[in-house]
Amino acid sequence: MWSVSKVRLTNFLNNFLKSANLSAKRILHLYTYIMFFVPLAFAALIELQSLLTKTNFLELLKSPFISISVIVAFSDFLFGYYLWINKDKVLLKEKSYRRFMIIQAISQILVGNFVCEVLALAGIYQAKEINDQKTNKADKIIKITSIVMLVVFAMCFVMLIMASLRK
């Protein structure tokens, strides 16, 4: 029974990813663009809220949820920029790509970024497409960078829980 369901799920995922044209490379490109441009849109939203309420940006930061969201958005922006520059290095080895996407899936679920979570899960599934190539220090640097982001997002998750328990 389980094997039939597993085959159906695998076929469904393969058909969906194929029809959506989501290869491992395309998933990483979309992930990078989302990580880079969504924080810019968030900054514009905060500025718009500041203008509409006629309050200072620092006054808006007094809310712990907005402050933590700004930290997450800034981290996403920096990580998106880093990925934009180094996305070809992430695609060099299947194992490093899969590890990168697993860490990103954990990180993004902690901060509630569900679009990036879905893309990371699709990236984990599509990692089988990656042909291994020779790598150098780039594999270690990308691993360290993604782990640092995981730690930052875990701290933001803890801060969000603490802020919600205070109210």
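Keep in mind the model is a prediction, meaning the values are calculated, not measured. (Residues numbered from 1 in each chain as written. Predicted model: local features only at pLDDT ≥ 70, side-chain atom pairs only at ≥ 80, totals over all residues. Heavy atoms only, no water.)

Asks: When you look at the environment of Phe79 in this model, what are you seeing that I'm missing?
Replies: Considering the arrangement of structural elements, one finds Phe79 in helix H4 (residues 64–90). Owing to a relative accessible area of 2%, Phe79 belongs among the buried residues under this scheme. Spatially, the C-alpha atom of Phe79 lies 31 Å from that of Thr53, the residues being 26 residues apart in sequence. Beyond its immediate sequence surroundings of up to four residues, Phe79 is in contact with Met35, Phe100, Gln104, Thr145, Ser146 and Met149. (Helix = DSSP H or I, 4+ residues; strand = E, 2+ residues; numbered from the N terminus. Buried < 20%, exposed > 50% of the residue type's maximum accessible area, 1.4 Å probe, protein only. Contact = heavy atoms within 4.5 Å.)

Asks: Sorry, what's going on with the packing of aromatic side chains here?
Replies: The description of an aromatic ring pair uses the distance of the two centres, along with the angle that the planes make with each other. Under the criterion given, the structure shown has nine aromatic pairs. On the basis of an interplanar angle of 80 degrees and a centroid distance of 6.5 Å, the ring pair of Tyr31 and Phe100 is categorised as edge-to-face. Pair noted here: Tyr31 is in helix H2 (residues 24–53) and Phe100 is in helix H5 (residues 94–111), with a separation of 69 residues, a long-range link. Accessibility expressed as a relative area gives 0% for Tyr31, which makes it buried. Taking the relative accessible area as the measure of exposure, Phe100 reaches 3% and is therefore buried. (Phe/Tyr/Trp six-rings, centres within 6.5 Å; stacked < 30°, edge-to-face > 60°.)

Asks: What is the right way to read the packing of H4 against H5 from this model?
Replies: How two helices sit against one another is set out by the angle between their axes and by the gap between those axes. For the pair H4 and H5, the least separation of the axes is 14 Å and the interaxial angle reads 165 degrees. Considered as vectors, H4 and H5 are oriented roughly antiparallel to each other. In this structure, H4 meets H5 at a crossing whose hand is left-handed. Contacts between H4 and H5 involve Val72, Asp76, Phe79, Leu83 and Val90 on the former and, on the latter, Ser96, Tyr97, Phe100, Gln104, Gln108 and Val111. (Axes fitted to C-alpha atoms, helices over the stretch in contact; angles between N-to-C directions. Parallel < 35°, antiparallel > 145°, perpendicular 65-115°, else oblique. Left-handed = near helix turned anticlockwise from the far one by under 90°.)

Asks: Quick question: what am I supposed to make of the nonpolar core here?
Replies: Across soluble globular proteins, nonpolar side chains show a tendency to be buried alongside one another. Ile27, Leu28, Val90, Tyr97, Phe100 and Met101 are the most contacted members of the largest nonpolar core, which totals 29 residues. Counting only elements with at least two residues in this core, the list comes to H2, H4, H5, helix H6 (114–126) and helix H7 (138–166). Not counting the four nearest positions on each side in its chain, Leu28 is found in contact with Lys87, Val90, Leu91, Tyr97, Phe100 and Met101. (Core = buried A, V, L, I, M, F, W, Y, C linked by side-chain atoms within 4.5 Å.)

Asks: Help me out: how do you make sense of the pattern of salt bridges in this one?
Replies: Pairing between side chains becomes possible if they bear opposite charge and their charged atoms approach one another. Using the criterion set out here, one finds two salt bridges in the structure. We note a salt bridge from Lys62 to Glu59, for which the minimum N-O separation is 3.3 Å. Here Glu59 falls in the partly exposed class, since its relative accessible area comes to 44%. One salt bridge connects Glu94 with Arg98, and the closest N-O pair in it is separated by 2.8 Å. Linking Glu94 with Arg98, this pair stays in helix H5, spanning four residues, or about one helical turn. (Salt bridge = Lys/Arg side-chain N within 4 Å of Asp/Glu carboxyl O.)

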